[in-house]
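# A structural walkthrough
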Number of protein chains: 2
Amino acid sequence: MNSVYVLGGATTKFGELWNVSPRDLVREVATRVLDDSGVSKDKIDAVFVGNMLSGALGNQEHLGAFFSEELGLTCSAMRVEGACASGGLAVHSGVMSILSGMYKTVLVIGVEKMTDFRPEDVAMELMGAGSDPEREAGATFPALYALIARAHMTRYGTTEEDMAEVAVKNHYHASQNPNAHFPVSITVDKVMRSSVVATPLKLLDCSPISDGAAAVILSSQIKPSQKRVSIAASVVATDTLGVAQRTDLTTLAATVRAAQKAYRDSGINPSDIDVAEVHDCFSIAEIIAMEDLGFFPKGKAAKAIRDGKTKLGGRPVVNISGGLKASGHPVGATGVKQVVEIYQQLKGIAGNRQVRGAKIGLTHNVGGSGATAVIHILKAQK
Amino acid sequence: MNSVYVLGGATTKFGELWNVSPRDLVREVATRVLDDSGVSKDKIDAVFVGNMLSGALGNQEHLGAFFSEELGLTCSAMRVEGACASGGLAVHSGVMSILSGMYKTVLVIGVEKMTDFRPEDVAMELMGAGSDPEREAGATFPALYALIARAHMTRYGTTEEDMAEVAVKNHYHASQNPNAHFPVSITVDKVMRSSVVATPLKLLDCSPISDGAAAVILSSQIKPSQKRVSIAASVVATDTLGVAQRTDLTTLAATVRAAQKAYRDSGINPSDIDVAEVHDCFSIAEIIAMEDLGFFPKGKAAKAIRDGKTKLGGRPVVNISGGLKASGHPVGATGVKQVVEIYQQLKGIAGNRQVRGAKIGLTHNVGGSGATAVIHILKAQK
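To keep things clear, this report deals only with the structure shown in the data block. (Residues numbered from 1 in each chain as written. Chains lettered and ligands numbered in written order. Predicted model: local features only at pLDDT ≥ 70, side-chain atom pairs only at ≥ 80, totals over all residues. Heavy atoms only, no water.)

## Observations regarding the overall build of chain A
Counting its regular elements, chain A contains 14 helices and 12 strands. Taking 2.2 N^0.38 as the reference for a compact globule, 382 residues should give roughly 21 Å; the C-alpha atoms of chain A span a radius of gyration of 19 Å, in line with that estimate. Its C-alpha atoms put chain A at 55 × 45 × 35 Å along the principal axes. Counting only residues that meet the buried cut, chain A has 66% of its 382 residues in that class. Counting only contacts in chain A whose residues sit at least 6 apart along the sequence, the fraction spanning at least 24 positions is 78%. (Helix = DSSP H or I, 4+ residues; strand = E, 2+ residues; numbered from the N terminus. Rg over C-alpha atoms; globule rule 2.2 N^0.38 Å. Buried < 20%, exposed > 50% of the residue type's maximum accessible area, 1.4 Å probe, protein only. Contact = heavy atoms within 4.5 Å.)

See below:
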C-alpha cells in the first residue's frame, strides 16, 4: 500500500477559540494545507470531513457540502463520524478513496467547535459515543476511564503517580508546540493535587474540551522533487460500545486488532516505530495504548514512561504534539491532527519538537471508550 | 468499474414504526440482507452506516460501532453523513472500499428513526442540512422547494396539477409495494384538495416523515451461478447549501454534474436506463430530476409524466418503489433503499411491481435542497 502520499498537513491553534466559527477554522486550515502541499484547489477531487458534534450541538449537519461551499469546491464531499475517532475514520476514507482509483487527490478535514456550548450539554452529547446502559447509569467518559484505570492499577500495580507522569510528559512536549491548547509544563505534584474528576482520575489526567481543525491532503500523485511521506497502513477495528460488555478492562481489543493488522499489512514492527501519536484522552489511556500497540509488554508501560523512554530523546517518542492531553482534543480534529504531526515529523519540519531521524510513525485514534480504533502507519521515503 | 457487485438487498417496512428502535430496524434488515445474499456474517469486512439524525434527535452517535456490536461484528465500521443523501454516500463509500482492495465484502446500512420525536424538533433538525441564512430566515425544506416549484412554474408553465401527477404515479407504484409507508392510490383531485404546506406545495406533494432501514451487501466476489448485478458508476457532486446562492432554481447543478460524470464513467446514456429511483422529496423535485438526469428535455418532463411515460409500463419507469413520496423517506435509509429497489428490479425479483426486462437502472439521492447529489448506475449481467 505505497501509493497513497501525504502531500501536506496543517492545523489551526487548538484551544478555547471563542471568536471563530467552524467555518473560520476550516477556511484557515484549508488555506494552510493547500499552501503547505503546493496543490491547487482545482486538483481536489473529494473532501472528507471528520466531525462528531456539529449536528447535535450546532444544528449543522451536511458538513461535506457545507465546507465545500465555503472553499468554493463542487466535488464529492461527505462527513465521516465515529465519535472521537471521526478524524481517523475520515483519513481512512481518504486513503480508501485514493486506493479505489476514483479520486487522485483528496482533502481530509477534521474539525470540532466545542466551547460555544454549555459544558453540561457537551458532556451529554459526548455520551452519544457510549452505550445505552452507560447513559442510563449516568456515566460519563471520565467515569468509564476511571473504571479502566482501577482495573489496570489492580492487575498491574499501576499508580496514580504513573498516570501523572503521562500528563507531565505530554505537557512538556506541548510546551514546544505553539498550536497546543496548553503549551505549558506541569509537575507530578501539580497533577496529584489537581481536583478529582472521577477517582482516581484528576483534572490534569484528563484531556480538555477544545476547538480546532486539522487537515491533510492525500494523493496518488507526487512531484519528483518532494520528500515523500506515504501511508503504509490504514486499519479500523471495532469493539462493544459499553465497557461492561468486555472481558478485560486493561486492554482495548479494538486497538490490539487494528494494530496487529496494521503491522501485518505494512510489514512494520512495533520496534520500527520512531514516533507515535496515541489517543491519550485520559492519562491511563496512553499507558494502555503503549501496551496494546506492542511498544512495551503488558504491565510494563508505566515504568517505561516513568523512565522517559517515550519522551523527546527516547524511542518511540509518544505524543510529541502534546497529545490529546496537552495539545487539546477537538474530537473530530484529533485523528487528523495526529496524522499531521507524524507527517511533519517524517518530513523533518517539526521545529523545536523534531524527533531526530524519524522515518516511521504511527497514529492511534479511539472512539468512545474503545469501541472504534483507527491506526495509521506512515513512512518517510527517499 | 465492473468489479463491484450487489450480492443482496433488503429493506424493512417503511412507516410510523412506533414499537421498534433503530437497533431493531438494523437487526431485522441485516438478517434479511444476509439471507438474501447467502453471505455469512464472518465474511463482512466493513460496515458503512448512512444516517443523519440519530445524534441530534436520539443522542446516539458512533453508529458504526453501535450497529457492529448489535450484529456481533468487530470489523471496520463508520457512519457516513450528508443529510438526506447519507444513504447514497454510504453506498458510495462501500463501493470505494471494495475498489480500494482494502475490503472484499461490505455491509451498507441506511437507517433513520424519526417518529419518536416532536415533529417541531424533527423539522428543526432537518434544517441542519441547510444554510445559516435559511435557518435564520426560518425557512423549512417545504418552503425552499416551494420557491423552486414557483421558479419552474414561471419559466416552464408547470402547473400544480403536473406536480400532483407525480404524487399520483408514485402512490400507484407504492400500492404494489408492501413495504411502502403509504401503499395506497390517490387521485389528482385528492392532491389538489389536500392542505397547503407551502404554496404551491400541498400535503400530498410532500414526502412523509418515516422510520425504516435498508441494506445492501457489496462485494468484489461473486458465486458463478448468480445473476450478477454490478455497480457501473458511483458519483457524488456538491453545490451551495443555500438556494439563494444559486443562479438557477429550476435545476440542481449537483445532479447535473453527478449524472454527466456517471454517464461518462459507465458509457451508459440516459436513454439506456430502464428503471430509476429518484429523489422526489417533493413532487416538483421529481420533475426537475427527470430533466437534470437527461431523461427529458428541460421543461418537457411534466408532460411526459402526465402522459404516463415514467409509470409502470412506460420507460424509464421512475420511482417504482413509490419513491420518497409514497414509499416513505427515512432520510438515512433512502439512498440505500433506492439501490435495493434497483437491485431487485435487475434481478427480476420485484414481484407485482417488476419492470419487465429491466437491465440498467439508476439511483439519484439528494441532500438538502440539492447541495449533495449521489448517482449510482447498476447493470444486470449474464
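## Points about the environment of His376 of chain A
Residues and elements named next belong to chain A. Mapped onto the secondary structure, His376 falls in strand E12 (residues 372–381). The class of His376 is buried, set by a relative accessible area of 1%. Along the chain, His376 and Ile231 lie 145 residues apart, while their C-alpha atoms are 7.1 Å from each other. In this view, His376 contacts Gly88, Val91, His92, Val95, Ile231, Ala233, Ser234, Val339, Gly361, Leu362 and Thr363; residues no more than four positions away in its chain are not counted. Within polar-contact distance, the side chain of His376 engages the side chain of Ser234 at 2.7 Å. (Polar contact = N/O pair within 3.5 Å; in protein donor to acceptor, adjacent residues only side chain to side chain.)

## Focus: helix H8 (residues 160–174) of chain A
Residue and element names in this part refer to chain A. Over its 15 residues, H8 runs 21 Å from end to end, which matches the ideal 21 Å to within 8%, given 1.5 Å per residue. A large share of H8 lies buried, amounting to 11 of its 15 residues. Residues of H8 that are buried include every one of Asp162, Met163, Ala164, Val166, Ala167, Val168, Lys169, Asn170, His171, His173 and Ala174, and no others. (Expected span 1.5 Å × (residues − 1).)

## Observations regarding the relation of the copies chain A and chain B
Once turned by 180 degrees and shifted 0.0 Å along the axis, chain A lies on chain B with an RMSD of 0.0 Å. Both copies of the chain, as the preceding transformation shows, are related through a two-fold rotation axis. A share of 100% of the interface residues of chain A reappears at the interface of chain B, consistent with the copies meeting face to face through the same patch. (Least-squares fit on C-alpha atoms with pLDDT ≥ 70 in both.)

## Quick look at the interface of chain A and chain B
Listed by partner, the interface residues are 58 residues for chain A and 58 residues for chain B. Between chain A and chain B, roughly 4200 Å² of surface is buried when both sides are summed, and carbon and sulfur atoms account for 52% of that area. At the boundary of chain A and chain B, one finds 4 salt bridges. The salt bridge involving Asp132 of chain A is made with Arg23 of chain B; its shortest N-O contact spans 2.9 Å. At the boundary of chain A with chain B, the tally comes to 29 residue pairs in polar contact (both at pLDDT 80 or more). In terms of residue count, the dominant contributor to the side of chain A that touches chain B is helix H4 (residues 86–99) of chain A (7 residues). (Buried area = accessible area lost by both parts, 1.4 Å probe. Salt bridge = Lys/Arg side-chain N within 4 Å of Asp/Glu carboxyl O.)

## A word on the packing of helix H7 (residues 141–156) of chain B against helix H11 (residues 283–292) of chain B
Residues and elements named next belong to chain B. H11 packs onto H7 with a crossing angle of 55 degrees between their chain directions and a minimal axis gap of 9 Å. Viewed along their axes, H7 and H11 adopt a mutual orientation that is oblique. Pair H7 / H11 crosses with left-handed handedness. The segment H7 lies against H11, with Tyr145, Ile148, Ala149 and His152 engaging Ile284, Ala285, Ile287, Ile288 and Glu291. The residue inventory of the contact of H7 with H11, partitioned by class, reads 7 nonpolar, 1 polar and 1 charged. (Axes fitted to C-alpha atoms, helices over the stretch in contact; angles between N-to-C directions. Parallel < 35°, antiparallel > 145°, perpendicular 65-115°, else oblique. Left-handed = near helix turned anticlockwise from the far one by under 90°. Nonpolar A, V, L, I, M, F, W, Y, C, P; charged D, E, K, R; others polar.)

## Re the pattern of salt bridges
All chains considered together, the criterion is met by 50 salt bridges over all chains. Among the salt bridges present, the one from Arg353 of chain A reaches Glu341 of chain A, with a minimum N-O distance of 2.8 Å. Of this pair, Arg353 of chain A sits in the loop between helix H14 (331–347) and strand E11 (360–367) while Glu341 of chain A sits in helix H14, and the two are 12 residues apart along the sequence. Residues Arg353 of chain A and Glu341 of chain A agree in their burial class; the two are buried. We note a salt bridge from Asp292 of chain B to Lys298 of chain B, for which the minimum N-O separation is 3.2 Å. Looking at Asp292 of chain B, the relative accessible area reads 9%, which means it is buried. When its relative accessible area of 30% is taken as the criterion, Lys298 of chain B is described as partly exposed. Through salt bridges that share partners, Arg23, Asp24, Arg27 and Glu70 of chain A together with Asp132 and Arg135 of chain B make up one connected network.

## Some details on the packing of aromatic side chains
Residues and elements named next belong to chain B. Tallying each qualifying case throughout the model produces 4 aromatic pairs over all chains. Both rings, one in Phe66 and one in Phe67, keep their centres 5.1 Å apart while their planes meet at 75 degrees; by these two values the pair is edge-to-face. On the basis of relative accessible area, Phe66 is assigned to the buried category, the value being 7%. Look at Phe67 and you get buried, because its relative accessible area is 1%. (Phe/Tyr/Trp six-rings, centres within 6.5 Å; stacked < 30°, edge-to-face > 60°.)

## Side note on the packing of helix H4 (residues 86–99) of chain B against helix H14 (residues 331–347) of chain B
Residues and elements named next belong to chain B. The interhelical angle for the contact between H4 and H14, taken along N-to-C directions, is 55 degrees, at an axis separation of 5 Å. Classified by the interaxial angle, the pair formed by H4 and H14 is oblique. In this structure, H4 contributes Ser86, Gly87, Gly88 and Val91 to the contact, and H14 contributes Gly332, Gly335, Val336 and Val339. Among the residues making up the contact of H4 with H14, the classes are represented as 3 nonpolar, 5 polar and no charged.

## A look at the side chain of Arg246 of chain A
Residues and elements named next belong to chain A. Looking at where Arg246 falls in the secondary structure, it is placed in the loop between strand E8 (228–238) and helix H10 (253–266). Among the polar contacts made by the side chain of Arg246, one reaches the main-chain carbonyl oxygen of Thr240 at a distance of 2.8 Å. Each residue touching Arg246, except ones within four places of it in the same chain, is listed here: Asp239, Thr240, Leu241, Leu252, Ser369, Gly370 and Ala371.

## Thoughts on the environment of Ile222 of chain B
All names here are of chain B. Mapped onto the elements of the fold, Ile222 is located in the loop between strand E7 (212–219) and strand E8 (228–238). Spatially, the C-alpha atoms of Ile222 and Ala301 are 38 Å apart, while their sequence positions differ by 79 residues. Beyond its immediate stretch of four places on either side in the chain, Ile222 contacts Tyr5, Leu7 and Arg228.

## Considerations on the nonpolar core
Residues Phe48, Val108 and Leu218 of chain A together with Phe48, Val108 and Leu218 of chain B are the most contacted members of the largest nonpolar core, which totals 75 residues. When residues in this core are grouped by element, the largest group, 7 residues, is from H4 of chain B. If near-sequence neighbours (up to four positions away) are discounted, Leu218 of chain A is found in contact with Val4, Tyr5, Val6, Val91, Gly94, Val95, Ile98, Lys104, Thr105, Val106, Val108 and Ile231 of chain A. (Core = buried A, V, L, I, M, F, W, Y, C linked by side-chain atoms within 4.5 Å.)

## Remarks on the pairing of strand E4 (residues 105–112) of chain A
All names here are of chain A. Counting buried positions over the 8 residues of E4 gives 8, a clear majority of the element. The side-chain alternation of E4 yields two buried faces, one formed by Thr105, Leu107, Ile109 and Val111 and the other by Val106, Val108, Gly110 and Glu112. Taken together, the 5 bridges between strand E2 (residues 46–50) and E4 define a ladder with parallel strand orientation. From the neighbouring strand, Val47 faces E4, where its bridge partner is Leu107. (Pairing = 2+ DSSP bridges.)

## Topic: the pairing of strand E7 (residues 212–219) of chain A
Residues and elements named next belong to chain A. E7 sits mainly inside the fold: 8 of its 8 residues count as buried. Here E7 shows two buried faces, one formed by Gly212, Ala214, Val216 and Leu218 and the other by Ala213, Ala215, Ile217 and Ser219. Taken together, the 6 bridges between strand E1 (residues 5–11) and E7 define a ladder with antiparallel strand orientation. Each residue of the ladder has a partner; that of Gly8, found in E7, is Ile217. Note that E4 and E7 share 8 bridges and pair antiparallel.

## As for unusual backbone geometry
All names here are of chain A. With an omega dihedral of -10 degrees, the bond running from Arg315 to Pro316 counts as a cis peptide bond. Tracing the chain through its elements places Pro316 in the loop between helix H12 (301–306) and strand E10 (317–318). A positive phi angle, close to 65 degrees, is found at His62, a residue other than glycine. For His62, the location among the structural elements is in the loop between helix H2 (54–58) and helix H3 (63–71).

## What about helix H1 (residues 22–37) of chain A?
Residues and elements named next belong to chain A. A rise of 1.5 Å per residue sets the reference length of H1, with its 16 residues, at 22 Å; its end C-alpha atoms lie 22 Å apart and thus fit the reference within 8%. Among the residues of H1, Leu25, Val26, Val29, Ala30, Val33, Leu34 and Ser37 are the ones counted as buried. Considered in projection along H1, the buried side chains sweep an arc of 150 degrees and stay on one side of the axis. The elements touched by buried residues of H1 are E1, H3, E4 and E7. (Arc of directions from axis to C-beta.)

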